[in-house]
There are 2 protein chains.
Amino acid sequence: MKDVTLKTATAESVIRCGAGAFEAYAPKLNSRQLFIITDGTVNKLYGTHLSSVFGERPKYVIPAGEKSKNPRVLMAILKSMLEAGVRRNSTVIAFGGGVVGDIAGLAAALYMRGVRLVQIPTTLLAQVDSSVGGKTAVDMDGVKNVIGTFYQPEEVIVDPVFLNTLPKREIRCGLGEVIKYGALNAEIYKKLLKNIKKFTRAAFLEDITYDCIRHKATVVQEDEHDLSGARKALNLGHTTGHALELLYGKRSHGEYVLIGAYYELQIARNFGICVGQYAENLEKLILSVLKKVPSFDVIENAASVAAHDKKNDNELISLIVPKREGQSVEMKIEYGKYEQYLKEISDNLRNKND
Amino acid sequence: MKDVTLKTATAESVIRCGAGAFEAYAPKLNSRQLFIITDGTVNKLYGTHLSSVFGERPKYVIPAGEKSKNPRVLMAILKSMLEAGVRRNSTVIAFGGGVVGDIAGLAAALYMRGVRLVQIPTTLLAQVDSSVGGKTAVDMDGVKNVIGTFYQPEEVIVDPVFLNTLPKREIRCGLGEVIKYGALNAEIYKKLLKNIKKFTRAAFLEDITYDCIRHKATVVQEDEHDLSGARKALNLGHTTGHALELLYGKRSHGEYVLIGAYYELQIARNFGICVGQYAENLEKLILSVLKKVPSFDVIENAASVAAHDKKNDNELISLIVPKREGQSVEMKIEYGKYEQYLKEISDNLRNKND
């Protein structure tokens, strides 16, 4: 087990990484007043185990899935916290994947203007990315993460034991974010290339998760509130990925990030920003997880969705694209051009996939 | 006009104080994308003026009154911001009293994890107290301010011109908080005693407002997130005041703060914490605003409400009480004793008032 410490102007977050972390650190929370937030799927798998570790505690179980990330569920959680007599020095435990972490983090941030928060991510995606860095949110009217705060958890317990019960597809989803880190960090990139056949092995995942968390912690320390641009780089793949996710659903967030990264990589290639062997290797990494990148009917509609995405200025679409090993850049592309490129890339994929 | 600057670990808030501040600083906001939040009463009085200064801007008008401070109205505001296309670098203007400031501040804090916020308080209470320091909130299920964040406005424009349209009762309400500051700050205390007949004069109010804001800014700088205890002192009068407000309603928040301060002052006297001439003078200041302190039937119920107040530990009720000039202390009083004292003080008042 190894710790990563994330220090910001106002908070310190300790991230416990590695096999055995849950067993070692969860029982230490037992002296506190706890309020557990989880989802239906995770509760079925681990509800009994949670009770055996923490005893009977007030718990709010949200329906599994992205649809729960809305203001109505947020308010229901807060009401339940109030009814359970949660106090300012109580601790909220967010036990689950990205959706649970995002909405539980926001509930913890808002209740009495902030109670203690421990994130225990149970999916690969939440472990490598969303549980670290303090972004909390719910969606509203189809706009992702438009309501939220920055709120650092006191502690994040990242234990690969929970990946044992994770469907393969969810592993692939988390690998989407891992590959994103590969496009941002040269060390991770090299490790990915070297282990391209071993992505789903437990030892590899434990190791790469720690690397991703370290990278993210460094970025968040530099730019906690997403103002200077450093943190923006973490959105690589997300502008197009979010838009496609909203339009087409079905696939998981991480898959869409990877699909978005693929499309954006082709745009970067077209602009000569990312070329040669490096571009080919990135494509290879993406394909090693996705196998087949889908084409979409009316993909050009994604442009209008992306334009409403909060990461964009007026008429230009902002993309974070890979440039060279360990370096990404922001490119701004005109709305019409972006629309056209998406269509071309999708058409090419359709021909290839046929 | 004078500025007060409030610097915290992550933000800087500039408070423009004095006659002419609105005319001088509001037009400077005109180059920005604005979203105005106000209430029905204020909009009737100043809607046309706002349009003449800012032009036609998206605006959300909440019903006047404390009842609007709830999650439903908060979500309606956020939805309206989304529909109006508010972006991350847009500015929310909170134009109104304490309720508008609290809920608009929270909306600004949550929208896209925080947009720019300018507070333009139009009531004395909001000017001397609630618009400064970054506390934002809504109530839930009868519990005041249980959902909120700390979120500093970039700028606060405190112009006494708005007090011209303020009902006398609202002035009294603001004076409640002013007198609270008198119990915390020796300079303000002396100024209040010296001007006890001039409380409602414009020049006096402008001057004392600046003093109160300076005091508050110092406290908030020391303890932005209400953790070390410094900020807790600002709750003088509020534990009992909040409980009575929830149980009996009708009177304004500021009046209840003052009634709470009166009851808590008598408790402090009984415990020998605040005695002699100083205690008499504080009582005189309170009575100069309230004229008559009310007794309440079943006031002992306030104890159970206060025990659920978020400022309290388990079985002890925490009160911030005046001790000597410029010094307050926290006292913890047993639930039963607190109940009994409230009843005794109320009975004495009933006999006196009859």
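The coordinates are above.
Just so it is clear, the model here is predicted, and its values are computed rather than measured. (Residues numbered from 1 in each chain as written. Chains lettered and ligands numbered in written order. Predicted model: local features only at pLDDT ≥ 70, side-chain atom pairs only at ≥ 80, totals over all residues. Heavy atoms only, no water.)

Observations regarding unusual backbone geometry
So the rule is basically this: A run of DSSP states H or I qualifies as a helix once it reaches four residues; a run of E qualifies as a strand once it reaches two. Both are numbered from the N-terminal end. For each residue, the accessible area found with a 1.4 Å probe, counting protein chains only, is set against the maximum for its type, and the residue is called buried under 20%, exposed over 50%, and partly exposed in between.
Positive phi is not limited to glycine here, since Met112 of chain A has a value of about 50°. Position of Met112 of chain A relative to the elements: it lies in the loop between α4 (98-110) and β6 (116-121). By relative accessible area, which is 6% here, Met112 of chain A ends up buried. The backbone of Val298 of chain B sits at a positive phi, close to 45°, despite the residue not being glycine. With respect to the element layout, Val298 of chain B can be found in the loop between α11 (276-290) and α12 (301-308). In this structure Val298 of chain B comes out as partly exposed when scored by relative accessible area, which is 49%.

Focus: the packing of helix α7 (residues 186-194) of chain A against helix α11 (residues 276-290) of chain A
Residue and element names in this part refer to chain A. Selection rule: Structural elements are reduced to axes, namely lines fitted to C-alpha atoms, with helices fitted over the stretch in contact, and the angle between N-to-C directions of any two is expressed from 0 to 180 degrees. Here a crossing is called left-handed whenever its near helix is offset anticlockwise from the far helix by less than a right angle, and right-handed whenever the offset is clockwise. Residue contacts are counted whenever heavy atoms from the two residues lie within 4.5 Å of one another. Under the scheme applied here, ten amino acids are nonpolar (Ala, Val, Leu, Ile, Met, Phe, Trp, Tyr, Cys and Pro), four are charged (Asp, Glu, Lys and Arg), and all others, including Gly, are polar.
One can describe the packing of α7 onto α11 by two numbers: an axis separation of 11 Å at closest approach and a directional angle of 60°. Handedness of the crossing formed by α7 with α11: left-handed. Contact residues: Tyr189, Leu192 and Leu193 in α7; Tyr278, Asn281, Leu282, Lys284 and Leu285 in α11. Of the residues that constitute the contact of α7 with α11, the class distribution is 6 nonpolar, 1 polar and 1 charged.

Looking at the pairing of strand β4 (residues 59-62) of chain B
Residue and element names in this part refer to chain B. Note the threshold: Strand pairing is defined by DSSP finding a minimum of two bridges between the two strands. Looking down the strands as they point away from the viewer, one classifies a crossover as right-handed if the path from the first strand across the helix to the second runs clockwise.
For strand β3 (residues 34-39) and β4, the ladder comprises 4 bridges, and the chain directions are parallel. By the bridge assignment, Thr38 is partnered in β4 with Val61. Traced from β3 through helix α2 (residues 40-54) to β4, the parallel crossover comes out right-handed.

Let's talk about the interface of chain A and chain B
Threshold: Using a 1.4 Å probe, buried area is obtained as the accessible area two parts lose upon being combined, added over both of them. By convention in these notes, a salt bridge is any Lys or Arg side-chain nitrogen within 4 Å of a carboxyl oxygen on Asp or Glu.
Chain A puts 36 residues into the contact, and the matching count from chain B is 36 residues. Counting each side, the surface lost to burial between chain A and chain B is near 3,200 Å², with a carbon and sulfur contribution of 62%. For chain A, the biggest contributors to the area lost against chain B are Arg87, Arg88 and Arg113 of chain A; these three give 23% of the whole. Ionic pairing is found between Arg88 of chain B and Asp226 of chain A, a salt bridge with its closest N-O pair at 4.0 Å. Elements represented by at least two residues in the side of chain A that touches chain B include exactly α3 (71-83), α4, β7 (135-140) and β8 (143-150) of chain A. If you tally residues by element for the side of chain A that touches chain B, the top one is β8 of chain A, at 7 residues. Looking at side-chain class alone, the side of chain A that touches chain B contains 19 nonpolar, 8 polar and 9 charged residues.

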